[in-house]
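The primary structure of each chain is shown beneath.
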Amino acid sequence: MTLQEEFKNAAERSKTDIKERPSNEDLLKLYALYKQADEGDVSGERPGGFDFKAIAKYNAWEEIKGKPKEDAMREYIDLVNKLASK
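In this report, we go over the structure that sits alongside the text. (Residues numbered from 1 in each chain as written. Predicted model: local features only at pLDDT ≥ 70, side-chain atom pairs only at ≥ 80, totals over all residues. Heavy atoms only, no water.)

Things to note about helix H4 (residues 69-84)
- Between its first and last C-alpha, H4 extends 22 Å over 16 residues, near the 22 Å set by a 1.5 Å rise per residue.
- Turning to H4, its buried residues are Ala72, Met73, Tyr76, Ile77, Leu79, Val80, Leu83 and Ala84. The buried side chains of H4 occupy one side of the element, clustering within an arc of 165 degrees when seen end-on.
- Of the surrounding secondary structure, the elements contacted by the buried residues of H4 are helix H1 (3-16) and helix H2 (24-39). (Helix = DSSP H or I, 4+ residues; strand = E, 2+ residues; numbered from the N terminus. Expected span 1.5 Å × (residues − 1). Buried < 20%, exposed > 50% of the residue type's maximum accessible area, 1.4 Å probe, protein only. Arc of directions from axis to C-beta. Contact = heavy atoms within 4.5 Å.)

Description of the packing of aromatic side chains
- The full count for this structure, using the stated rule, is 4 aromatic pairs.
- Aromatic rings pair up to connect Phe7, Tyr34 and Tyr76 into one cluster. (Phe/Tyr/Trp six-rings, centres within 6.5 Å; stacked < 30°, edge-to-face > 60°.)

Overview of the pattern of salt bridges
- On inspection of all chains with the given rule, the structure shows 5 salt bridges.
- Two residues, aspartate 17 and arginine 13, come together in a salt bridge whose shortest N-O distance is 2.9 Å.
- Overall, the relative accessible area of 21% leaves arginine 13 in the partly exposed class.
- The partner of glutamate 75 in a salt bridge is lysine 67, with the nearest N and O atoms 2.8 Å apart.
- The class for lysine 67 is partly exposed, based on a relative accessible area of 23%. (Salt bridge = Lys/Arg side-chain N within 4 Å of Asp/Glu carboxyl O.)

Structure representation (structure tokens):
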């Protein structure tokens, strides 16, 4: 299985195999790693106002700016595996 296939498989498993709701920290990490692996570095304007959830997601993604897509895929797969095994 290629890394891309493993990544897509992990993305599907993240919706079905994780029984307990992950912590907010883990959810943000999942989001950021997925976006970095799928789209690359963060782009666009940082959300403003009182949309704290969108701001947190943007900030989490921005923190891993420059991480190669392959590394983000591997970390995402590892995190899904860890959360699914709980």
